Protein chains: 2
Amino acid sequence: MDFKTWQHVFKLDPAKEITDGHLERICKSGTDAILIGGSDNVTLDNVLHLTERVQHYQLPIVLEISTIDSVAPGFDYYFIPTVLNSDNLLWVKGLHHKAIREYGEILDWDELVPEGYCILNADCKAAKLTDAQTDLTTEDVLAYARLAEYFFRLPIFYMEYSGMFGDMELVEKVKRVLVETRLFYGGGIHSVDTARKALAFADTIVVGNIIYENIDKAIETVEAVAETAG
Amino acid sequence: MDFKTWQHVFKLDPAKEITDGHLERICKSGTDAILIGGSDNVTLDNVLHLTERVQHYQLPIVLEISTIDSVAPGFDYYFIPTVLNSDNLLWVKGLHHKAIREYGEILDWDELVPEGYCILNADCKAAKLTDAQTDLTTEDVLAYARLAEYFFRLPIFYMEYSGMFGDMELVEKVKRVLVETRLFYGGGIHSVDTARKALAFADTIVVGNIIYENIDKAIETVEAVAETAG
């Protein structure tokens, strides 16, 4: 159940509707884990509701925390982003400090996994929300990756292209500078082909939006893992 | 030579004058290491000059990096502060990102030690320079300590009271929440008595200004270590 072995993760948005049939296909697809998280309208209610439905299936469930208000117990992991290319201190360490101040006494640190986000699509909601500086050179991105691995010792470096398929040459370059830190890739994976391309370099791919647009294509992305493993 | 075993460190400011006689007393005092760093007028020239003089003695030398321009090779460690209670992104991760972008290819990461600073004296130069938010409750400071240890996995949490002797009750509380992360304390240690008080809770005390004000008192602070060890 160690997240360091995961290659494929489905990201479910608690603010979006999904039928029981689609959810079953997602959870029985062979994916390594379900990550629950979103940028908009995430509430304790919709997080709990979705989580309960996912818990019927035997696979790891992660809550990616975007607001403190929607944190609930019972997850295998809590992924906590720090947005390394944010211009807003809140998203780098401010919200984290506030959350720790409030819950520091009762937190189980073994379940908390810091993620170093680098948001690379200027047009996505996460970029706007976090005031991310997305106009980055290759050197800028590599430096964020090294900052994540060597300075802040973050277990995950997450290249987030949410809504578009990213620059695979850049993903490859980032992978080459990382050693212990796992490289997560998200954005624009909407087919087995794009999944395959991203998995060629990323350790873990995160498949999200396509779940709500084309469930068949979403399920197909899991095939890329079997191919890579073979 | 592992910094995790150090209890007493003298901090020498490259912008301040020190006689050969005083430097010899400092270096032969029994201190565990010499830390070279300052907030003002630190240049490559004065860093190199002071370092060369310290190198005559057989003890570990650390460069605490405050500006990229004064970085020189040949140190046992490079301590790199991230100011956790700074309101200025540059001091949290901006300068670090810039330095890694420039020197990432050639850095020897094993020598780099990130320090999570919490600056607690509003009137000190470091607080003004880094725009530190020093009006903190006990809970705020404990949350920064936990942020350092559990979120950013920083090997050092540094309570900096530069220029005044700090709140030892707070130092004690911080020590209680840290496990792997070492607690460094700096500020107002100007006698064996203040050294003893700080060493009761901090893992490592940093003695600076008194070197330039009263060399006998400075040397005396080392005695507190022997007492603690005994």
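This text goes with the structure placed above it.
These lines cover the structure that appears in this document, whether it is placed above or below. Only a predicted model underlies this, so the values are computations on that prediction, with no experimental measurement involved. (Residues numbered from 1 in each chain as written. Chains lettered and ligands numbered in written order. Predicted model: local features only at pLDDT ≥ 70, side-chain atom pairs only at ≥ 80, totals over all residues. Heavy atoms only, no water.)

Points about the relation of the copies chain A and chain B
Our working rule: Overlaid copies result from least-squares superposition on C-alpha atoms, with residues included only where pLDDT is at least 70 in both. We call two residues in contact when some of their heavy atoms are within 4.5 Å.
Once chain A has been moved 0.0 Å along the axis and rotated by 180°, it coincides with chain B to within an RMSD of 0.0 Å. Look at the turn and shift together and you get a two-fold axis relating the two. Within chain A, the C-alpha atom positioned nearest to the axis of rotation is that of Phe152 of chain A, 2.4 Å from it. Counting the interface residues of chain A, we find that 100% of their copies in chain B are interface residues as well, pointing to one common contact surface.

Things to note about the pattern of salt bridges
All names here are of chain B. The cut-off we apply is this: We define a salt bridge as a contact between a side-chain nitrogen of Lys or Arg and a carboxyl oxygen of Asp or Glu at a distance within 4 Å. Every helix listed is a DSSP run of H or I at least four residues long, and every strand listed is a run of E at least two residues long, numbered separately from the N terminus. The buried label goes to any residue with under 20% of its type's maximum accessible area, the exposed label to any with over 50%, and the partly exposed label to all in between, with areas taken from a 1.4 Å probe on protein chains only.
Using the criterion set out here, one finds 24 salt bridges over all chains in the structure. Residue Glu160 pairs with Lys11 through a salt bridge whose shortest N-O separation is 3.8 Å. Of this pair, Glu160 sits in strand E6 (residues 156–160) while Lys11 sits in strand E1 (residues 8–12), and the two are 149 residues apart along the sequence. Accessibility assignment for this pair places Glu160 and Lys11 in one class, buried.

Description of the interface of chain A and chain B
Worth spelling out the cut-off: Each of two parts loses accessible area, computed with a 1.4 Å probe, when they are put together; buried area is these two losses added. Polar contact is the term for a pair of N or O atoms within 3.5 Å; when the atoms are in protein, one must be able to donate a hydrogen and the other to accept it, and sequence-neighboring residues count only if both atoms are side-chain atoms.
If you look at the interface, chain A gives 32 residues, while chain B gives 32 residues. Counting each side, the surface lost to burial between chain A and chain B is near 3000 Å², with a carbon and sulfur contribution of 70%. By the criterion of area lost to chain B, the three top residues of chain A are Lys93, Phe151 and Phe152 of chain A, representing 22% of everything that side buries. Where chain A packs against chain B, one counts four salt bridges. Among the salt bridges present, the one from Glu105 of chain A reaches Arg146 of chain B, with a minimum N-O distance of 3.7 Å. Put simply, chain A and chain B have eight residue pairs in polar contact (both at pLDDT 80 or more) between them. Those elements that provide at least two residues to the side of chain A that touches chain B are strand E4 (77–83), helix H3 (89–103), strand E5 (112–119) and helix H5 (138–151) of chain A. In terms of residues, the side of chain A that touches chain B owes the most to one element, H5 of chain A, which gives eight residues.

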